[in-house]
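# Descriptive analysis of the structure
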Amino acid sequence: MQVELRLLGRMQLFVEGADVTPGAAKRRAVLTALALGANRPVSLNRLSKVAWGDVPPPSAVANLRSHAMGLRRVLGDRLLARSNAYELCLAGEELDVDRFQRLASKGRADLAAGKHRAAVATLTAALDLWRGPAGDGLPPGPLLDGHWASMEEQRLQVFEEWAQARLAVGEHGDLLGDLRRHLAAHPLRERAWGQLMLALYRCGDVPACLTAYREARAVLDEHLGVEPGEELAALHRAVLDRSLETTHTARTSAGPESGGRGNAPVVPRELPANLTTFVGRTQELADVVAAVRGGTPAAVVVSGPAGSGKTALAVRAAHAVATEFPDGQVFVDLGRRPSMTAGEVLGRVLRALGVPAAEVPGDVDERAGWYRSRVAGRRMLLVVDGVTGAEQVRPLIPAGPGPALIVVGQRRLHELDGVAPVGLRPLSATGAWALLAAHVGADRLDAEPAATAGLIRLCAGSVLALRITALRLASHPKLAIGVLIGQARDARARLDLLAFGDQSVRASLAAGVAAVRSGDEVAGRILALLGETPEAAAAPDRTAARLGVSAERVWRALEDLVDAHLVSRDERAGYRLPALVDDYVAELAATPLTAGGRMSRMAA
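Residues numbered from 1 in each chain as written. Predicted model: local features only at pLDDT ≥ 70, side-chain atom pairs only at ≥ 80, totals over all residues. Heavy atoms only, no water.

### Quick word on the overall build of the protein
For the record, the criterion: Going along the chain from the N terminus, every DSSP run of H or I of four or more residues is numbered as a helix, and every run of E of two or more is numbered as a strand. Put simply, the radius of gyration uses C-alpha atoms, and a globule should come to 2.2 Å times the residue count raised to 0.38. Between buried and exposed lies partly exposed: a residue is buried under 20% and exposed over 50% of the maximum accessible area for its type, with that area taken using a 1.4 Å probe on protein chains only. Residue contacts are defined here by distance: any two heavy atoms, one from each residue, within 4.5 Å place the two residues in contact. We get accessible surface area from the Shrake-Rupley algorithm with a probe of 1.4 Å; when it comes to residues, only the shown protein chains can shield them. When charges are tallied, Lys and Arg are placed among the positive residues and Asp and Glu among the negative ones, while His and the ends of the chain are skipped. One atom stands in for each charge, and that atom is NZ of Lys, CZ of Arg, CG of Asp or CD of Glu.
Along its length, the protein carries 26 helices and 15 strands. Here the protein has a C-alpha radius of gyration of 28 Å; the compact-globule value for 604 residues is 25 Å, and the two agree. When its C-alpha atoms are laid out on the principal axes, the protein stretches across 80 × 70 × 40 Å. In the protein, which comprises 604 residues, the share counted as buried stands at 50%. In the protein, 66% of the contacts between residues at least 6 apart in sequence involve partners at least 24 apart. Element-wise, carbon and sulfur atoms account for 53% of the exposed surface of the protein, whose accessible area totals about 27000 Å². A distance of 4 Å separates the average location of the 71 positive side-chain charges in the protein from that of its 67 negative side-chain charges.

Below is the structure:
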């Protein structure tokens, strides 16, 4: 059966080429929610909220089943009934939203690679899919309205990338009308104002170019109370100085700003692949995105326990804003090695920016100066993972507008003044269930609710542990969850269970513990002691006597361990080991654990 579903404008459904769009608004809303969650179960609760808002009527479920029957009459077995959910099966080209995003991604890649004519063609095809406002005519509501706002933001970004590609091939004259219409509808888009100024300048109309800047400045002041950003102000200065290139051919320049002699600036694209299954962390993701989009400096530290999904969150945030950093994205993984110095990190980043290895300065301060020169005013995003100390990344903090920095580490790094902190807590039971369901299906979890609850307790809110157990279950479709839980008899068995392929909770904990031990001998000795005598955490004075140090020194070490998410404060103002850390340090101390003692604390 040939299906085509259009949401970029008024919703339309075509089956075998015939328009079979449902007439009832709520049925169209249900179909839209199923399409946006295509090939995944969409719960009846979510469908009810889409159709009726936060207070659905008592008859909502019955009405949903009626709508599903009506949709199945035209979609056949494309619409599947799941446990308390429905699933719509669509191929990649059958939903215009998916086609738009695929074309947009290819167009950006062409633009980044300097294939400007190919980028114009691809981005034109992406924009042509829009027939009006996304979701036009559908009932309003927070669940869908947020999605339409996101799609509209993506459309605006694609338009401006399309304009950038057209400027690059010399179509500045033909672009003027499109840019003016775009700015009439969206007057706060600074990037588009800069493109209009550049197009007017290249057409030889300098007075109109300067007038456009005054208009942009007035609009920004009236609506936001701010001055134009550094990029627009720099463009204005270049126009006044008549130093702006009048042709569409990119200039080349020698020296440190170019990343190499006689070459244009290097535009790295180093972000790792984005996770296809990402559950929860909505507020934390928004906080990271907000930090790199604004603020001075545009920098954020993502911290949390080992295996809490810090890197996944940082990479997802980086992908979400990548188009806003067209000058490149650099990704550096320090591997949680305290031995990695700031100089080594700077050298790695400079090489990513095109500086030949033989030309990287030996002096750390000089490297830092070269780095600041290359990124000054450039919209470049730097992500540094596996950071163990503030000194490793302090020289990378943006000194002015343009670049942004995301730091990922187990510690909170309070020493980085002015850098926004985003801390991750263990995933909630609801989030853990959703993550497992995304990998193995809700039906399999619902079939063994008690075993699923035990598995969630076993993973103790660790995203890494949950992903590993989900991979184990997905690779053995017939394996009962209860059988898997039964294999976790003691600490070693549990940590053995939480390893799959190249992923291991034990290895993740080992790296975090090793980093702490290398930096603080007392903290390392306290961890070893806690592996032998867990109750020692509640008696710092006795711990101090046993280690031969002062009580204040023990307190500082314990607080250091708290900062590294290896020890937690409990409600009695004492300290305790988190569940999986407890298992690991006990294993290091070679203390056998029964399934009762520590397992009961894990379940608490």
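We are not done yet, so read on.
### Considering the packing of aromatic side chains
Note the following rule: Any two of the Phe, Tyr and Trp rings considered here, Trp counted by its six-membered ring, make a pair once their centres fall within 6.5 Å; the pair's planes then place it as stacked at under 30 degrees, edge-to-face at over 60, or tilted in between.
This model, assessed by the stated rule, comprises two aromatic pairs. Both rings, one in Phe100 and one in Trp130, keep their centres 5.6 Å apart while their planes meet at 80°; by these two values the pair is edge-to-face. Residue Phe100 is found in helix 4 (residues 96-112), and its partner Trp130 is found in the loop between helix 5 (116-128) and helix 6 (142-168); the two are separated by 30 residues along the sequence. Using a relative accessible area of 12% as the deciding quantity, one classes Trp130 as buried. Measuring from centroid to centroid gives 5.3 Å for Phe159 and Trp162, while their planes differ by 50°, and the two rings are tilted. Of the two residues, Phe159 and Trp162 are both situated in helix 6; the distance of three residues between them amounts to about one turn of the helix.

### A look at helix 25 (residues 579-588)
Helical geometry note: an α-helix holds 3.6 residues per turn, so side chains three or four residues apart project in the same direction. Burial within helix 25 is extensive, with nine of its 10 residues counted as buried. Listing the buried residues of helix 25 in full gives Ala579, Leu580, Val581, Asp582, Asp583, Tyr584, Val585, Ala586 and Glu587.

### With respect to the sheet that holds strand 9 (residues 381-387)
Heads up, the rule is: Here, strands pair whenever DSSP counts at least two bridges between them. All axes here are fitted lines through C-alpha atoms, helices being fitted over the stretch that makes contact, and every angle between N-to-C directions spans 0 to 180 degrees.
The strand order across the open sheet formed by five strands is 8-9-10-7-11, and the pairing between neighbours is parallel. With one partner strand each, in any of the chains shown, strand 8 (329-333) and strand 11 (420-423) form the two edges of the open sheet. Averaged over neighbouring strand pairs, the angle between their axes works out to 15° when direction is ignored. Both strand 7 (residues 299-303) and strand 11 contribute to a ladder of four bridges, which runs parallel.

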